[in-house]
Amino acid sequence: MLKTIFLASDHGGYKLKELVKVFLIKNNYTIEDLGCFSLDAVDYPDYAKILSDKLKTYSNSQGISFCGTGIGISMAANRFTHIRAALCTSIEMASKSRKHNNANVLALGGRVLEDNLAIDIVNEFLNTDFEAGRHSIRVDKI
Ligand code: RB5
């Protein structure tokens, strides 16, 4: 199956989700937007759960999650054993989250990140591979 990038957000990340969605579509990624779909207040754990359910079925895929800071949605997503969510605020963190941690979910804070930096982080995350080797041993211990 074609790799899908699943997007999930609460209201605090909604605007950044929409921006990232446009970027991904323009760059020919296959995406599925799991909501939320407006600025109306919702609870980020509900969207972390929806994303986690999708990634259980489509284990080859990746997720990008959003809330105001990225903290809540990453905490909630990481409660699921098949999720390795990385809250990233720099390109370096995005790179290492893939190379060393094999993160399958990127978490971003819509209220704390500059738009351009957020896009650069997304780009890095989606285009960096897990290095495996010694890192596999550590990831397997999580
Ligand atoms: C919602 O107001 C806000 O608390 C949420 O988006 C997030 O920042 C939580 O970690």
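Residues numbered from 1 in each chain as written. Predicted model: local features only at pLDDT ≥ 70, side-chain atom pairs only at ≥ 80, totals over all residues. Heavy atoms only, no water.

1. A look at unusual backbone geometry
Inference 1: Note that the residue after glycine 35, namely cysteine 36, is joined by a cis bond; omega there is 5 degrees.
Inference 2: Take cysteine 36: it is sitting in the loop between strand 2 (31–33) and helix 2 (44–57).
Inference 3: Although it is not a glycine, alanine 132 adopts a positive phi angle of roughly 55 degrees.
Inference 4: Structurally, alanine 132 is set in the loop between helix 5 (115–126) and helix 6 (134–140).
Inference 5: Alanine 132 gets classed as partly exposed once you look at its relative accessible area, which sits at 27%. (Helix = DSSP H or I, 4+ residues; strand = E, 2+ residues; numbered from the N terminus. Buried < 20%, exposed > 50% of the residue type's maximum accessible area, 1.4 Å probe, protein only.)

2. Focus on the pairing of strand 1 (residues 5–9)
Inference 1: In terms of burial, strand 1 is a largely internal element, five of the five residues being buried.
Inference 2: Of the two faces of strand 1, the one lined by Ile5, Leu7 and Ser9 and the one lined by Phe6 and Ala8 are each fully buried.
Inference 3: Crossover connection from strand 1 via helix 1 (residues 14–26) to parallel strand 2: handedness right-handed.
Inference 4: Judged from the five bridges that link them, strand 1 and strand 3 (residues 62–67) form a sheet pairing that is parallel. Paired with phenylalanine 6 across the strands is glycine 63, a residue of strand 3. (Right-handed = clockwise from strand over helix to strand, strands pointing away. Pairing = 2+ DSSP bridges.)

3. Some words on the site of the ligand
Inference 1: Around the ligand, the neighbouring residues are Asp10, His11, Tyr44, Cys67, Gly68, Thr69, Gly72 and Arg111.
Inference 2: With respect to the ligand, the backbone of threonine 69 contributes an N or O atom lying 3.1 Å from an oxygen atom.
Inference 3: Contact between the ligand and glycine 72: an oxygen atom at 2.9 Å from a main-chain N or O atom of the residue.
Inference 4: Summarising the interface, the protein chains cover 69% of the accessible area of the ligand, which totals 290 Å² for the free molecule.
Inference 5: Of the residues contributing to the shell around the ligand, the split by class is two nonpolar, four polar and two charged. (Near = heavy atom within 4 Å. Polar contact = N/O pair within 3.5 Å; in protein donor to acceptor, adjacent residues only side chain to side chain. Areas by Shrake-Rupley, 256 points an atom, 1.4 Å probe, with all protein chains shown as cover. Nonpolar A, V, L, I, M, F, W, Y, C, P; charged D, E, K, R; others polar.)

4. A closer look at the side chain of threonine 128
Inference 1: Within the secondary structure layout, threonine 128 lies in the loop between helix 5 and helix 6.
Inference 2: Residue classification places threonine 128 among the buried residues on the basis of a relative accessible area of 8%.
Inference 3: In terms of polar contacts, threonine 128 uses its side chain to reach the backbone carbonyl oxygen of glutamate 124, at 2.5 Å.
Inference 4: Contacts of threonine 128, omitting those with residues within four sequence positions, involve Ser95, Arg98 and Lys99. (Contact = heavy atoms within 4.5 Å.)

5. Quick look at the state of the cysteines
Inference 1: Considering all chains together, one arrives at zero disulfides under this definition.
Inference 2: Lacking any disulfide linkage, cysteine 36 is separated from the closest cysteine sulfur, that of cysteine 67, by 11 Å.
Inference 3: Judged by its relative accessible area of 3%, cysteine 36 is buried. (Disulfide = S-S within 2.5 Å.)

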